[in-house]
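Geometric and topological summary
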Amino acid sequence: MRSIAVINQKGGVGKTTTAVNLSAALSEAGQRVCLMDLDPQAHASLHLGLALREGEKSIYDVLTGDTTLAEVRRQISQNLWVIPAHLDLAAAEMELAGEVGREVILRDKLVADLATYDQPPYDYLLMDCAPSLGVLTLNALTAVDEVFLPLQPHFLALHGLSKLLRTIDIVAQRLNPTLKLTGVVLCMYESGTRLAAEVTNDVEEFFSRRTTSPAVWSQAQSFTTRIRRNIRLAEAPSFGQSIFDYAPQSHGAEDYRRLAREVMGLPIGEAVTAELEARG
Ligand SMILES: Nc1ncnc2c1ncn2[C@@H]1O[C@H](COP(=O)(O)OP(=O)(O)OP(=O)(O)O)[C@@H](O)[C@H]1O
Ligand SMILES: [Mg+2]
């Protein structure tokens, strides 16, 4: 099982869009996927049509009480499960603040959950994180093996990146030696603009300085697939649908399908060819 946290403390860069639609694309490709919503905004849950009612259990109950992950997990399609969040998750940050071992709660819950199966129940576990480096995000970093970093290629894209990388590095040293930043996903990409090309070059140059970078992100690279700006991706959440249910022929669907192939280590050219063939 690969476990991946989608993280950037900067808001509105495409974390949720990527976590939701990459999960959906992987599941469409036959992978069993669990998407965990670790953001009190609960956008990933809402994006997939899960608006929890008062009293329904969520990741909040898992992190602050005896509730198991299995109790809150919901299957929403053949290969896709969601562990939803609710606005009350914001209180967890405060409630956990004084607790010893607060950064490892999620990891322990995951270990306990996996111990109930002979084989891991999914191939991919993705976590959608909040735009902060608070205790919820630290729980994600402590529980996963990989980080995907969505970036929006604009002027301040790299601003704050060193703080994020330092946090990842500290978690790797103190709490989770297997943690690696594996990929940068360029989101809301405006192809043809000079700014996008320039920032993309900056990002690539930043991550190519491998000799001086700590081990935790020395293998990081930008995915070749760029997620183009596409209005369908922005519309899909209000229908409670992934891009594959809402607009399966859109550029957005095409890009996330391609990204999923890249994540799975498959050649990405074929996805495009198949797409074009399907369209006749
Ligand atoms: N490729 C895209 N094309 C057009 N709109 C997009 C694209 N990706 C994301 N958006 C839109 O941009 C906004 C921010 O995206 P998203 O919610 O995924 O960011 P986020 O990093 O999860 O934000 P937050 O930090 O608040 O959690 C949303 O309205 C989303 O629908
Ligand atoms: Mg989000």
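This report concerns the structure included in the present document.

What counts as what
- Residues numbered from 1 in each chain as written.
- Chains lettered and ligands numbered in written order.
- Predicted model: local features only at pLDDT ≥ 70, side-chain atom pairs only at ≥ 80, totals over all residues.
- Heavy atoms only, no water.
- Helix = DSSP H or I, 4+ residues; strand = E, 2+ residues; numbered from the N terminus.
- Rg over C-alpha atoms; globule rule 2.2 N^0.38 Å.
- Buried < 20%, exposed > 50% of the residue type's maximum accessible area, 1.4 Å probe, protein only.
- Contact = heavy atoms within 4.5 Å.
- Lys, Arg positive; Asp, Glu negative; His and termini not counted.
- Charge placed at Lys NZ, Arg CZ, Asp CG, Glu CD.
- Arc of directions from axis to C-beta.
- Patch = residues over 30% accessible without salt bridge, like charges linked within 9 Å, V, L, I, M, F, W, Y side chains within 5 Å.
- Areas by Shrake-Rupley, 256 points an atom, 1.4 Å probe, with all protein chains shown as cover.
- Salt bridge = Lys/Arg side-chain N within 4 Å of Asp/Glu carboxyl O.
- Pairing = 2+ DSSP bridges.
- Axes fitted to C-alpha atoms, helices over the stretch in contact; angles between N-to-C directions.
- Core = buried A, V, L, I, M, F, W, Y, C linked by side-chain atoms within 4.5 Å.
- Phe/Tyr/Trp six-rings, centres within 6.5 Å; stacked < 30°, edge-to-face > 60°.

**Things to note about the overall build of the protein chain**
The helix and strand tally for the protein chain stands at 13 helices and 8 strands. Taking 19 Å as the expected radius of gyration for a compact globule of 280 residues, we find that the protein chain reaches 18 Å, a close match to that expectation. Going through the 280 residues of the protein chain one by one, you find that 51% of them count as buried. Long-range contacts, defined as pairs at least 24 residues apart, comprise 77% of the intrachain contacts of the protein chain with a sequence gap of at least 6. Within the protein chain, one finds 26 positive and 34 negative side-chain charges whose respective centroids are separated by 5 Å.

**Things to note about unusual backbone geometry**
Phi angles above zero are rare outside glycine, and Ala42 is one such case at about 55°. By secondary structure assignment, the location of Ala42 is in the loop between strand S2 (33-38) and helix H2 (43-47). Although it is not a glycine, Met188 sits at a positive phi angle of roughly 50°. Take Met188: it is sitting in the loop between strand S7 (180-186) and helix H9 (194-208).

**A word on helix H6 (residues 105-114)**
At 3.6 residues per turn, the α-helix brings residues three or four places apart onto the same side. Taken together, the buried positions of H6 are Ile105, Leu106, Lys109, Leu110 and Asp113. Considered in projection along H6, the buried side chains sweep an arc of 130° and stay on one side of the axis. Looking at the buried side of H6, the elements it contacts are S2, helix H3 (59-64), helix H4 (69-72), helix H5 (89-96), strand S5 (124-129) and helix H7 (135-143).

**Quick word on H5**
Among all positions of H5, only Leu89, Ala92 and Leu96 are buried. Down the axis of H5, the buried set is contained in an arc of 20°. They therefore lie on one face. The secondary structure elements touched by the buried residues of H5 are S2, H3, H6 and H7.

**Re a nonpolar patch on the surface**
On the surface, Phe155, Leu156 and Leu195 cluster together into a nonpolar patch covering about 330 Å² of accessible area. Its location among the elements puts Phe155 in the loop between strand S6 (146-151) and helix H8 (161-174).

**Remarks on the sheet that holds strand S1 (residues 2-6)**
Pairing within the open sheet is mixed, and its 8 strands lie in the order S3-S4-S2-S5-S1-S6-S7-S8. Two strands close off the open sheet at either side, each with one partner strand: strand S3 (74-77) and strand S8 (221-222). Sheet topology places S7 next to S8; 2 bridges connect them, and they run parallel. Looking at the pairing, Gly183 lines up with Gln221 of S8. Taken strand by strand, helix H1 (residues 15-28) contacts S1, S2, strand S4 (80-83), S5 and S6, and its axis lies near 165° from that of S5.

**Digging into the nonpolar core**
Membership of the largest hydrophobic core comes to 54 residues, with the highest contact counts inside it found for Met36, Ile59, Leu63, Met127 and Phe207. When residues in this core are grouped by element, the largest group, 6 residues, is from H8. Residues contacting Phe207, with those up to four places away along its chain left out, are Leu149, Leu161, Leu165, Leu181, Val184, Trp217 and Ala220. Residues Ala44, Leu50, Leu233 and Ala260 belong to the second largest nonpolar core, which totals 31 residues.

**Notes on the packing of aromatic side chains**
Taken as a whole, this structure holds 3 aromatic pairs when the rule is applied. Aromatic pair Phe148 and Phe223: ring centres 5.1 Å apart, planes at 65°, arrangement edge-to-face. Separated by 75 residues along the polypeptide, Phe148 in strand S6 and Phe223 in the loop between S8 and helix H10 (231-235) bring together distant segments of the chain. In this structure, Phe148 and Phe223 share a single accessibility class: buried. Centre to centre, the rings of Phe239 and Tyr246 are 4.9 Å apart; their planes meet at 20°, and the pair counts as stacked.

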